[in-house]
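An overview of the molecular structure
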Amino acid sequence: MHFKLKKCDIFIDYAFILVLSLAAVFNSSRLLYLLLFSFLHEMGHLSALLICKSEPYEMRLSYYGFAIRYEDNLPIIKECAVLLSGPMVNLILYLFFKDDINLILFLLNCLPVYPLDVGRIVRLFSLKASRILSIITIVLICILCVYMLIYNKSYSLIFVTVYLIIYSINYS
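Small disclaimer: the values here were computed from a predicted structure and weren't measured.

Focus: the overall build of the protein chain
Tallying secondary structure elements over the protein chain gives 7 helices and 4 strands in all. In sequence order, the protein chain lays out its α and β elements as β-β-α-α-β-β-α-α-α-α-α. The C-alpha radius of gyration computed for the protein chain amounts to 17 Å, which stays within 12% of the reference 16 Å derived for 172 residues, consistent with globular compactness. In terms of overall dimensions, the protein chain has a C-alpha envelope of 50 × 45 × 35 Å along the principal axes. Counting every position in the protein chain, which comprises 172 residues, the buried fraction comes to 38%. For the protein chain, the proportion of contacts with a sequence separation of at least 24, taken over those separated by at least 6, is 52%. Summed over all atoms, the accessible surface of the protein chain reaches about 10800 Å², with 71% contributed by carbon and sulfur. Separation of charge centres in the protein chain, based on 14 positive and 11 negative side chains, amounts to 4 Å.

Considering the pattern of salt bridges
Under the criterion given, the structure shown has 5 salt bridges. The salt bridge partner of Arg-60 is Asp-13, with a shortest N-O separation of 3.6 Å. Placement of Arg-60 in strand β3 (residues 56-62) and of Asp-13 in the loop between β2 (8-12) and α1 (14-25) is noted, with a sequence separation of 47 residues between them. Relative accessible area serves as the criterion here: at 22%, Arg-60 is assigned to the partly exposed category. Asp-100 is the salt-bridge partner of Arg-30, the closest N and O atoms lying 3.0 Å from each other. Remark: Asp-100 occurs in helix α4 (residues 100-109) and Arg-30 occurs in helix α2 (residues 29-51); sequence separation between them is 70 residues. Residue Asp-100 is classed as partly exposed on the basis of its relative accessible area of 37%.

Points about helix α3 (residues 76-97)
Taking 1.5 Å per residue, 22 residues should reach 32 Å; α3 reaches 32 Å between its end C-alpha atoms and fits that length. Maximum bend of α3: about 35°, positioned at Ser-85, with proline Pro-87 one to four residues after it. Of all the residues in α3, the buried ones are Glu-79, Cys-80, Val-82, Leu-83, Ser-85, Gly-86, Pro-87, Asn-90 and Leu-93. Buried residues belonging to α3 abut α2, β4 (65-70), α4 and α5 (117-125). Backbone geometry just after α3 places Lys-98 at a positive phi near 55°.

Some points on the packing of aromatic side chains
Counted by the stated rule, this structure contains 6 aromatic pairs. Here the aromatic rings of Phe-39 and Phe-66 are separated by 5.5 Å at their centres, their planes lie at 65°, and the arrangement is edge-to-face. Pair noted here: Phe-39 is in helix α2 and Phe-66 is in strand β4, with a separation of 27 residues, a long-range link. Residue Phe-66 is classed as buried on the basis of its relative accessible area, which comes to 14%. Taken together, a centroid distance of 4.8 Å and an interplanar angle of 40° make the contact between Tyr-147 and Tyr-151 tilted. With a gap of 4 residues between them, Tyr-147 and Tyr-151 both fall in helix α6 (residues 127-152), about one helical turn apart. On the accessibility criterion, Tyr-147 (45% relative accessible area) is partly exposed. Tyr-151 gets classed as exposed once you look at its relative accessible area, which sits at 59%. Taken together through their ring pairs, the aromatic side chains of Tyr-33, Phe-37, Phe-96 and Phe-97 make up a single cluster. Here the guanidinium or amino end of Arg-60 rests over the ring plane of Phe-11, the centre of that ring lying 4.3 Å away.

Definitions and cut-offs
Residues numbered from 1 in each chain as written. Predicted model: local features only at pLDDT ≥ 70, side-chain atom pairs only at ≥ 80, totals over all residues. Heavy atoms only, no water. Helix = DSSP H or I, 4+ residues; strand = E, 2+ residues; numbered from the N terminus. Rg over C-alpha atoms; globule rule 2.2 N^0.38 Å. Buried < 20%, exposed > 50% of the residue type's maximum accessible area, 1.4 Å probe, protein only. Contact = heavy atoms within 4.5 Å. Areas by Shrake-Rupley, 256 points an atom, 1.4 Å probe, with all protein chains shown as cover. Lys, Arg positive; Asp, Glu negative; His and termini not counted. Charge placed at Lys NZ, Arg CZ, Asp CG, Glu CD. Salt bridge = Lys/Arg side-chain N within 4 Å of Asp/Glu carboxyl O. Expected span 1.5 Å × (residues − 1). Bend = angle between axes of the 7 residues up to and from the residue. Phe/Tyr/Trp six-rings, centres within 6.5 Å; stacked < 30°, edge-to-face > 60°. Lys NZ or Arg CZ within 6 Å of the ring centre and 35° of its normal.

By themselves, these observations are geometric and do not establish any function.
Here is the structure:
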């Protein structure tokens, strides 16, 4: 599904609607909260972007979350403010609600892995450092993932790890 709001293209993947519908049908409040807090994270980016006198040209809602795309012509300080505003929203929500979803979103986006928010900040300053930190962090996450599989029988980190590996391969 695609429509335009002013100059911004809005895309809503049918997979997103499916995930939202399944969460509602199966009464998965955790998934609904994840989607809500991810949306608020992106609204933090959008608010900072608008404060910096810039506008998005695309917003996408898909099965893996929300994304806002905008021109890369902001000064570095403003770009950093836009990138940090999303995790700051999750930190504030965590401090207010004391929920693990916002804590995880905050910590995840603070990893120095591109395309995550802090990874994008590192990339602003040095492409080489960004690549090195991404590789080191992904290796450490893979080790943690194996540990969690063996000792905790937890599969939750696998999806994030696979996503980061695939994204890093495609955009490095």
